[in-house]
Amino acid sequence: MPQKRDSWAEPYKIKMVEPLTMTTRGQREKALEEAGHNTFLLPSELVYIDLLTDSGTSAMSDRQWAGMMLGDEAYAGSRNFYRLEAAIRKYYGYKYIVPTHQGRGAENILSQIMIKKGQFVPGNMYFTTTRLHQELAGGRFVDIIVDEAHDPESLFPFKGNVDLDKLQGLIDQHGADKIAYVSIATTVNMAGGQPISMANLKALRELTGKHGIRIIHDMTRVAENAFMIQQNEAGYGTKAVAEIVKEICALTDGATMSAKKDALVNIGGFMAINDWDIFEEARNMVVVYEGLHTYGGMAGRDMEAMAIGIEESVQDDHIRARVGQVFYLGQRLLDMGVPIVKPVGTHGVFLDAKAFLPHLPQTAFPAQTLAAELYVDSGVRAMERGIVSAGRNKETGDHYYPKLELVRLTIPRRVYTQAHMDVVAESVARVYEHRDNITGLKMVYEPKYLRFFQAKFEKLPK
Ligand SMILES: *Cc1c(COP(=O)(O)O)cnc(C)c1O
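Values in this document were obtained by computation on a predicted structure and should not be read as measured data. Each chain has its residues counted from 1, following the order in which its sequence is written. The predicted nature of this model means local features are confined to residues of pLDDT at least 70 and side-chain atom pairs, given and counted, to a pLDDT of 80 or more, with totals for whole chains, interfaces and linings taken over all residues. Side-chain measures here rest on the full set of heavy atoms in the structure, leaving out hydrogens and waters.

*Asks:* Before we go on, may I ask you to explain the domain arrangement of the protein chain in this structure?
*Replies:* Frequently, the measure chosen for interface size is the accessible area that the parts lose on association. As used throughout, domain bounds are those supplied by an automatic or database domain assignment. Splitting the protein chain by domain gives domain 1 (25-54 + 316-459) and domain 2 (64-313). For domain 1 versus domain 2, the distance between C-alpha centres works out to 26 Å. Contacts are assigned to residue pairs with any non-hydrogen atoms lying within 4.5 Å of each other. Contact residues are listed per partner, giving 34 residues for domain 1 and 41 residues for domain 2. What counts as buried area is the accessible surface, traced by a 1.4 Å probe, that two parts surrender upon association, with contributions from both included. Interface area, domain 1 with domain 2, both sides summed: about 3,000 Å², of which 56% is carbon and sulfur. Of all residues in domain 1, the largest losses of buried area upon contact with domain 2 belong to I319, K342 and L404, amounting jointly to 19% of the total for that side.

*Asks:* Mind showing me how you'd approach the nonpolar core here?
*Replies:* The nonpolar side chains of a soluble globular protein tend to be buried, and buried together. Residue types Ala, Val, Leu, Ile, Met, Phe, Trp, Tyr and Cys, when buried and joined through side-chain atoms within 4.5 Å, form a set referred to as a nonpolar core. Partly exposed residues are those whose accessible area sits between 20% and 50% of the maximum for their type, while under 20% is buried and over 50% is exposed, using a 1.4 Å probe and protein chains only. In terms of nonpolar packing, the biggest core is built from 59 residues, with Y92, M219, V245, F270, M306 and I310 touching the most fellow members. In this text, helices come from DSSP runs of H or I with a minimum length of four residues, and strands from runs of E with a minimum of two, each type numbered from the N-terminal end. With six residues, the single largest contributor to this core is helix α8 (residues 222-232). In contact with M306, other than residues within four places in its own chain, are L84, A259, A263, V265, G268, G269, F270 and M298. By size, the runner-up hydrophobic cluster in this structure holds 32 residues, among which are Y48, L333, L351 and M421.

*Asks:* Help me understand the site of the ligand, please; the structure alone is not making it clear to me.
*Replies:* Lining the immediate environment of the ligand, one finds 14 residues, of which G103, R104, D218, S258 and K261 sit closest. Interatomic distance of 2.6 Å between a side-chain N/O atom of D218 and a nitrogen atom of the ligand. For this analysis, a polar contact is any N or O atom pair within 3.5 Å, provided that within protein one partner can donate a hydrogen and the other can accept it, and provided that sequence-adjacent residues contribute only side-chain to side-chain pairs. At a separation of 2.9 Å, an oxygen atom of the ligand approaches a polar side-chain atom of R221. Surface accessibility follows the Shrake-Rupley procedure with a 1.4 Å probe radius. Residue values consider only the protein chains on display as shielding. With the chains in place, 96% of the 380 Å² that the ligand exposes on its own is no longer accessible. The element that contributes the greatest number of residues to the shell around the ligand is helix α4 (residues 103-114), accounting for three residues. Counted by class, the shell around the ligand contains one nonpolar, seven polar and six charged residues. Any residue with a non-hydrogen atom lying within 4 Å of a molecule or strand is treated as near it. Note on residue categories: nonpolar means Ala, Val, Leu, Ile, Met, Phe, Trp, Tyr, Cys or Pro, charged means Asp, Glu, Lys or Arg, and polar means any other residue, Gly included.

*Asks:* Teacher, can you tell me more about the packing of α8 against helix α12 (residues 316-335) here?
*Replies:* For any two helices packed against each other, the geometry is given by the interaxial angle and the distance between the axes. What counts as an axis is a line fitted to C-alpha atoms, over the stretch in contact for a helix, and the angles between N-to-C directions run from 0 to 180 degrees. Here α8 crosses α12 at 85°, and the two axes come no closer than 10 Å. Here α8 lies roughly perpendicular to α12, going by the angle between them. In this structure, α8 uses A223, E224, F227, M228 and Q230 to contact α12, whose residues at the interface are D316, I319, R320, R322, V323 and F327. Counted by class, the contact of α8 with α12 contains six nonpolar, one polar and four charged residues. Roughly parallel here means an angle under 35 degrees, roughly antiparallel means over 145, roughly perpendicular means 65 to 115, and every remaining angle is called oblique.

*Asks:* Mind showing me how you'd approach the pattern of salt bridges here?
*Replies:* When the charged atoms of two side chains with opposite charge come close together, those side chains can pair. In the sections that follow, a salt bridge refers to a side-chain nitrogen of Lys or Arg positioned within 4 Å of a carboxyl oxygen of Asp or Glu. For the structure shown, the criterion picks out 27 salt bridges. The residue R381 makes a salt bridge to D50 at a minimum N-O spacing of 2.8 Å. You can see R381 sitting in strand β10 (residues 380-381) and its partner D50 sitting in strand β1 (residues 49-50), a full 331 residues away along the chain. Both residues of the pair, R381 and D50, count as buried. Through salt bridges that share partners, D54, R221, E224, R322 and R413 make up one connected network.

*Asks:* Please clarify how the sheet that holds strand β11 (residues 383-385) should be interpreted in this entry.
*Replies:* DSSP-based pairing: two strands are paired if at least 2 bridges between them are found. Strands sit in the order β9-β12-β11 across an open sheet of three strands; the sheet is antiparallel. Two strands bound the open sheet, and with one partner strand each, they are β9 (348-352) and β11. Going across the sheet, the axis of each strand differs from the next one's by a mean of 35°, ignoring polarity. Note that β11 and strand β12 (residues 406-410) share three bridges and pair antiparallel. Bridge pairing in β12 links M383 to R408. Sitting on the sheet, helix α14 (residues 366-378) touches β9, β11 and β12, and the angle it makes with β12 is about 40°.

*Asks:* How should the packing of aromatic side chains be read in this particular structure?
*Replies:* Aromatic ring pairs: the centre-centre distance and the angle between the two ring planes describe each pair. When the centres of two rings from Phe, Tyr and Trp lie within 6.5 Å, Trp using its six-membered ring, the rings pair. Their planes under 30 degrees apart give stacked, over 60 give edge-to-face, and anything left gives tilted. Tallying each qualifying case throughout the model produces 13 aromatic pairs. Seen in terms of ring centroids, F365 and F457 are 5.3 Å apart; in terms of plane orientation they differ by 70°. Their pairing is edge-to-face. Here F365 is found in the loop between α13 (353-356) and α14, whereas its partner F457 is found in strand β14 (residues 456-459), with 92 residues between them in sequence. Overall, F457 belongs to the buried group, its relative accessible area being 3%. An aromatic cluster is defined as three or more aromatic residues linked by ring pairs; in this entry it consists of F40, F452 and F453. Positioned over the ring face of Y126 is R131, at 4.0 Å from the centre of the ring. The residue whose ring lies beneath R435 is Y432, and the NZ or CZ to ring-centre distance is 3.9 Å. Distance and angle both matter: a charge sits over a ring if NZ of Lys or CZ of Arg is within 6 Å of the ring centre and within 35 degrees of the ring normal.

Shown next, in the form of structure tokens:
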């Protein structure tokens, strides 16, 4: 292993820069008004530091850019597909691979094949697109994450763990054949980027194995999860992140991947599965929804960049700097006394909007409000992860009221500097200082699916 430094400083230097627009408060107020107080609807040109998402926003390495020039854009059998397939087998260990344009493309195909109408899909909390595809396929999501995950104050280091009693209860009540599969995310995005422990995953494997239930792995941030296991789980301190990643994958039967996160590319994804029959069906279906089974909606060059990105993503030095930067921002906010989800997650810092704006009821959209205020203050763009993201219960038509009402400051990989993190922390602190003057929002336009992307709001009067 390379020698450890105290600082998390980056294992790379900057070779190309992208200038940013500096805006005035007046310009930002106008832009926010036009965007209906929804940060998703802001033009990125009017954003200074963009922490909307870590999805597809990574900086690629010079090796990845060089790989782009090696794109084989043949319709069928592109050599980049075989490179990608080899990288997935080598670093993740799954047998069969179906490329897709991004994670949700894989979720669509997998859900349609593996879920029968009326079946349950238990998971360690939900993710927006994942649950929607499960529901569209006729499944019913059941949250089996540990209770600690719903408590932003709990310091439990593995808040992504499954509560095995909750799963056992579901099996006892409905029978194993009513469970399509168990859906496990590494890390759990909606809980604030929280990891699952290897011990919990092993116990889950044992329990599901007894009942013949498969585990499907939402492996979007598996390297970050592996890093947290290395840091905090007994017996893993001397193992390389790459080794731990492979061990996680080996405990599951298949996966969906949004390569726009961990794997350091701007677009791409795949479905992986160890079962030949499911693979055959998926390979057939991908042609309908994504493209031929050797490109799945990606260009050859995209697949090449992904193959290289996967390799870079599991290097200890890379992941230590990536998560180190997120922890740096988290620690600054903690030192300032700002309420955030603890422990700090691996891909972002999550502001606890209920504690930040305790005078706002959840129906006044506190997290949506806070994200809007932050943008006006400094041009920092964040994202709501609360009642707007949670959507509505299909049966009752009412909002879901999630316990967690969060604003996500998501850090793109290899993009911003420590000074940028300081600007963000200072802006959050400024908004916190005048929090008592902040009024909530009302929703004036609501799309049917994944409403948080396009919903519009107006400011409530004082
Ligand atoms: C981003 C994400 C997805 C969906 O992937 P896309 O590439 O955005 O379609 C699924 N699960 C998790 C946990 C994610 O973060």
